[in-house]
Amino acid sequence: MIWARVLRAAFVAATISMFAQMPALAQSNPTYIKLGLAKGVLYKPDGGPAPHVGVLVIHRTTNFLSHPACTELSKRGFMVLCMNSRYDNNETLLRFETVALDVKAGIEFLKSQPGIGKIVLFGHSGGAGTVTFYQAVAENGVAYCQAPDRLTKCGDDLAGLPKADGIVLADGHPGEPVQILRGLNPSYVYDPKTGKTKVIQALDPFDPRNGFNPNGVSHYSEAFQKRYFAAQSKEMNALIAQAQAGLKRGKDGGLFEDDGMMVIRGAGNPKGSDSGRAYLFVMDPDIAKIGTGTKPEKLLRNDGSIVTQIVKSVKAPMPGMAKDNRTFDAGTRLYTWRSFLSSDAMRSTNSIDGIDFCSSNNSATCALRSIGAPLLIATMGAHDFVRDNEVMYDGAKSKDKDLIVIEGAIHDFLPCKPCEKTPGQYSNVRKNLFDYVAAWLNKRYS
């Protein structure tokens, strides 16, 4: 009860703070909406024609009530419902499949608004997994999320979901299970008897003998990369077996019949920061299978022009991961067996190109293969998802699809100032992103 009061107080304070800033923006009357177990804030344009396109913005756990898309798209003429799922700020208890019920509530609310005839789902970061999962089930029925290869399956309560008319993914990643898999540090071996953790030198990404540079760009050999990526998969598969065994023990009369707790060291925290993860490709940008595309794509330059070229992320390395990954606050994840299997587990043979994307329902890469709605993928050119977004785009079923890379933009749609060679080189990234999204929406739904 104490924690519930604290969380409610924090939410009220955050909401008041958000509303206090609204007069400086183009939308002066955002409205708080209760949507069953979820919540939302509705943004409308202050002037101009009445909107006829509703955009729903949601993650799975992150607070999106004041996401940049809320104001940026509403001031460009769209009605925007920014939502928090029933699991906001609660990765530990997340049952991923049930978030689709919150998306459903949001869509039904938008459809009830006068003049709204089209609904578009907007997925940023981990929101990509949420909105694509929803649409895949809406278009294909529960057979999609009850497929035999899924680690967890949805319930029949997801039958008959209303379809959205389009999807926008803004620096959406392949799914949180992929992020966890690639962020695992496989060099840690924990001994529960002594409470101590041993580090295997041959797998340690933060050991200079393996190529780590604590002061800048790291360079890992092909041999180390191969060993490391395979070890990450081995660790993830072992965690899956651990959770499944725990649930089986419960059914067989174990201490907990319903669920149990999991602690994963070296996997990074769920707060949206990469600093606690052990991403090899963030420390070594030359690992091109992640940060570099394989064929020419459209690049939206800061001056608004578009060129077509092979794109390599300009993101700077993060050697600070070495410190954060070894902390509890930044480097450790807490789950239950069920939440881990539902939201953050995925089978693989290696963490780069040996991933079984359809073993999890939380997989944008898998879901897009079954979605026919129009699709826009906007990739931030100073982040990690250049190649991943290319793979997602290439595999997408939709015949009406578009991919654009925003030059110099970081994950939160802001300029990468450390990447700039001249001051203000990437100053227009947010404007460019949402101008492009608005033009894409207007072309299809006006």
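Described in the following lines is the structure provided in the data block. Please read all numbers here as calculations on a predicted model, not as lab measurements.

## Digging into the overall build of the protein
Step number 1: Along the protein, the regular secondary structure elements total 14 helices and 14 strands.
Step number 2: Taking 22 Å as the expected radius of gyration for a compact globule of 446 residues, we find that the protein reaches 22 Å, a close match to that expectation.
Step number 3: Counting only C-alpha atoms, the protein reaches 65 × 60 × 45 Å along its principal axes.
Step number 4: Long-range contacts, defined as pairs at least 24 residues apart, comprise 73% of the intrachain contacts of the protein with a sequence gap of at least 6.

## So, the sheet that holds strand β6 (residues 166-170)
Step number 1: Reading across the sheet, the 10 strands line up as β1-β2-β4-β3-β5-β6-β13-β14-β10-β11 and stay open at both edges, with mixed pairing between neighbours. Taken across any chain shown, the strands that pair with only one partner, and hence form the sheet edges, are β1 (31-35) and β11 (306-309). Averaged over all adjacent pairs, the angle separating strand axes in this sheet is 25 degrees, with direction ignored.
Step number 2: Relative to strand β14 (residues 401-406), strand β13 (residues 375-380) runs parallel, the two being bridged by 6 bridges.

## Topic: helix α5 (residues 176-183)
Step number 1: With 8 of its 8 residues buried, α5 lies for the most part within the structure.
Step number 2: Listing the buried residues of α5 in full gives E176, P177, V178, Q179, I180, L181, R182 and G183.

## Considering the nonpolar core
One broad trend across soluble globular proteins is that nonpolar side chains are buried collectively.
Step number 1: Membership of the largest hydrophobic core comes to 72 residues, with the highest contact counts inside it found for L121, L158, L169 and F340.
Step number 2: Considering every element that reaches this core, the biggest residue donor is helix α4 (residues 127-140), with 7 residues.
Step number 3: With residues near it in sequence (within four places) discarded, L169 still touches G123, A128, V131, T132, L368, L375, L376, I377, A378 and M392.
Step number 4: If you look at the next biggest cluster of nonpolar residues, it comprises 38 residues, including V41, L73, L300 and L433.

## A short note on the packing of helix α3 (residues 99-111) against α4
The angle between the axes and the distance between the axes are what describe a pair of packed helices.
Step number 1: It is at 10 Å that the axes of α3 and α4 come closest, and there the two elements cross at 80 degrees. Relative to α4, the element α3 lies roughly perpendicular. Touching V99, A100, V103, K104 and I107 of α3 are T130, F133 and Y134, all from α4.
Step number 2: Looking at the contact of α3 with α4 residue by residue, the class counts come to 6 nonpolar, 1 polar and 1 charged.

## What to know about the packing of aromatic side chains
Step number 1: Tallied over the full model, the rule gives 11 aromatic pairs.
Step number 2: Relative to Y445, the ring of W440 has its centre 6.3 Å away and its plane inclined at 70 degrees; by these criteria the two rings are edge-to-face. In this structure, W440 and Y445 share a single accessibility class: buried.
Step number 3: By way of ring pairs, the aromatic residues Y220, F224, Y228 and F229 are connected into one cluster.
Step number 4: Looking at R150, its charged tip hangs above the ring of Y144, at a distance of 4.6 Å from the centre.
Step number 5: For the cation-ring pair, K401 lies above Y393, with the distance from its terminal atom to the ring centre recorded as 4.9 Å.

## A closer look at a nonpolar patch on the surface
Step number 1: Among the surface-exposed residues, M261, V263, F328 and L334 lie close enough to one another that they form a single nonpolar patch of about 380 Å² accessible area.
Step number 2: For V263, the position within the fold is in strand β9 (residues 261-265).

## Regarding the state of the cysteines
Step number 1: Using the criterion set out here, one finds 4 disulfides in the structure.
Step number 2: Between C70 and C82 runs a disulfide, and the two sulfur atoms are separated by 2.0 Å. Across the disulfide from C70 to C82, rotation about the S-S bond amounts to roughly -130 degrees, and the bridge is consequently left-handed. You can see C70 sitting in helix α2 (residues 68-74) and its partner C82 sitting in strand β4 (residues 79-84), a full 12 residues away along the chain.

## Regarding the environment of G331
Step number 1: Structurally, G331 is set in helix α10 (residues 328-331).
Step number 2: In this structure, the C-alpha to C-alpha distance between G331 and L184, residues 147 residues apart in sequence, is 9.4 Å.
Step number 3: In this structure G331 touches I264, R265, G266, A267, G268, G276, D324 and N325, once residues within four positions along its chain are discounted.

## Quick notes on the side chain of R333
Step number 1: Tracing the backbone shows R333 in strand β12 (residues 332-336).
Step number 2: Judged by its relative accessible area of 2%, R333 falls in the buried class.

## Brief notes about the pattern of salt bridges
Step number 1: As enumerated under the stated definition, the model contains 25 salt bridges in all.
Step number 2: One salt bridge connects R86 with D102, and the closest N-O pair in it is separated by 2.9 Å. With R86 in the loop between β4 and α3 and D102 in helix α3, this residue pair connects regions lying 16 residues apart in the sequence.
Step number 3: Among the residues examined, D102 registers a relative accessible area of 1% and is labelled buried.
Step number 4: Notably, a salt bridge pairs D204 with R326, separated by 3.3 Å at the nearest N-O pair.

## Here we look at the pairing of β6
Look at any regular strand and the pattern is simple: side chains alternate between the two faces of the sheet.
Step number 1: Counting buried residues along β6, 5 of its 5 residues qualify, which places the element largely inside the surrounding structure.
Step number 2: Because side chains alternate across β6, one face comprises the buried residues G166, V168 and A170, and the other comprises I167 and L169, equally buried.
Step number 3: Examined bridge by bridge, strand β5 (residues 118-124) and β6 share 5 bridges and lie parallel to one another. The residue of β6 that forms the bridge with H124 is A170.
Step number 4: The handedness of the β5 to β6 crossover, carried by α4, is right-handed.
Step number 5: In the sheet, β6 pairs with β13 via 4 bridges, with the strands oriented parallel. Within the sheet, the bridge partner assigned to V168 lies in β13 and is L376.

Rules behind the numbers
Positions within a chain are numbered from 1, following the residues in the order the chain's sequence is written. Reporting of local features is limited, given that this is a predicted model, to residues whose pLDDT is at least 70; pairs of side-chain atoms are given and counted only at 80 or more, and all residues count toward the totals for whole chains, interfaces and linings. For the side-chain quantities, the full set of heavy atoms in the structure was used; hydrogens and water were omitted. Put simply, DSSP H or I for four residues or longer makes a helix, DSSP E for two residues or longer makes a strand, and each gets a number counted from the N terminus. We compute the radius of gyration over the C-alpha atoms and compare it with the globule rule, which gives 2.2 Å times the number of residues raised to the power 0.38. The contact definition used throughout considers only heavy atoms, calling two residues in contact when any of these lie within 4.5 Å. Paired strands, as defined in this entry, are two strands with at least two bridges between them according to DSSP. The angle between two axes is taken between their N-to-C directions and runs from 0 to 180 degrees, where each axis is a line fitted to C-alpha atoms and a helix contributes only its stretch in contact. In this scheme, a residue with accessible area under 20% of its type's maximum is buried, one over 50% is exposed, and one in between is partly exposed, where area comes from a 1.4 Å probe on protein chains only. Residues belong to a common nonpolar core when they are buried Ala, Val, Leu, Ile, Met, Phe, Trp, Tyr or Cys residues joined through side-chain atoms within 4.5 Å. Roughly parallel means an angle under 35 degrees; roughly antiparallel, over 145; roughly perpendicular, 65 to 115; everything else is oblique. Lys, Arg, Asp and Glu make up the charged group, whereas Ala, Val, Leu, Ile, Met, Phe, Trp, Tyr, Cys and Pro make up the nonpolar group; the residues left over, Gly among them, are polar. In this scheme Phe, Tyr and Trp rings, the latter by its six-membered ring, pair at centre separations within 6.5 Å, and the angle between planes marks the pair as stacked below 30 degrees, edge-to-face above 60, and tilted otherwise. Over a ring means this: the NZ of a Lys or the CZ of an Arg is within 6 Å of the ring centre and within 35 degrees of the ring normal. Residues enter patches when they are more than 30% accessible in relative terms and free of salt bridges; like-charged ones are connected within 9 Å and nonpolar ones (Val, Leu, Ile, Met, Phe, Trp, Tyr) within 5 Å. Working definition of accessibility: Shrake-Rupley area with a 1.4 Å probe, residue cover restricted to the visible protein chains. Any Lys or Arg side-chain nitrogen found within 4 Å of a carboxyl oxygen on Asp or Glu counts as a salt bridge. Pairs of cysteine sulfur atoms within 2.5 Å are what we label disulfides. Here, the term right-handed applies to a crossover whose path from the first strand over the helix to the second runs clockwise when the strands point away from the viewer.

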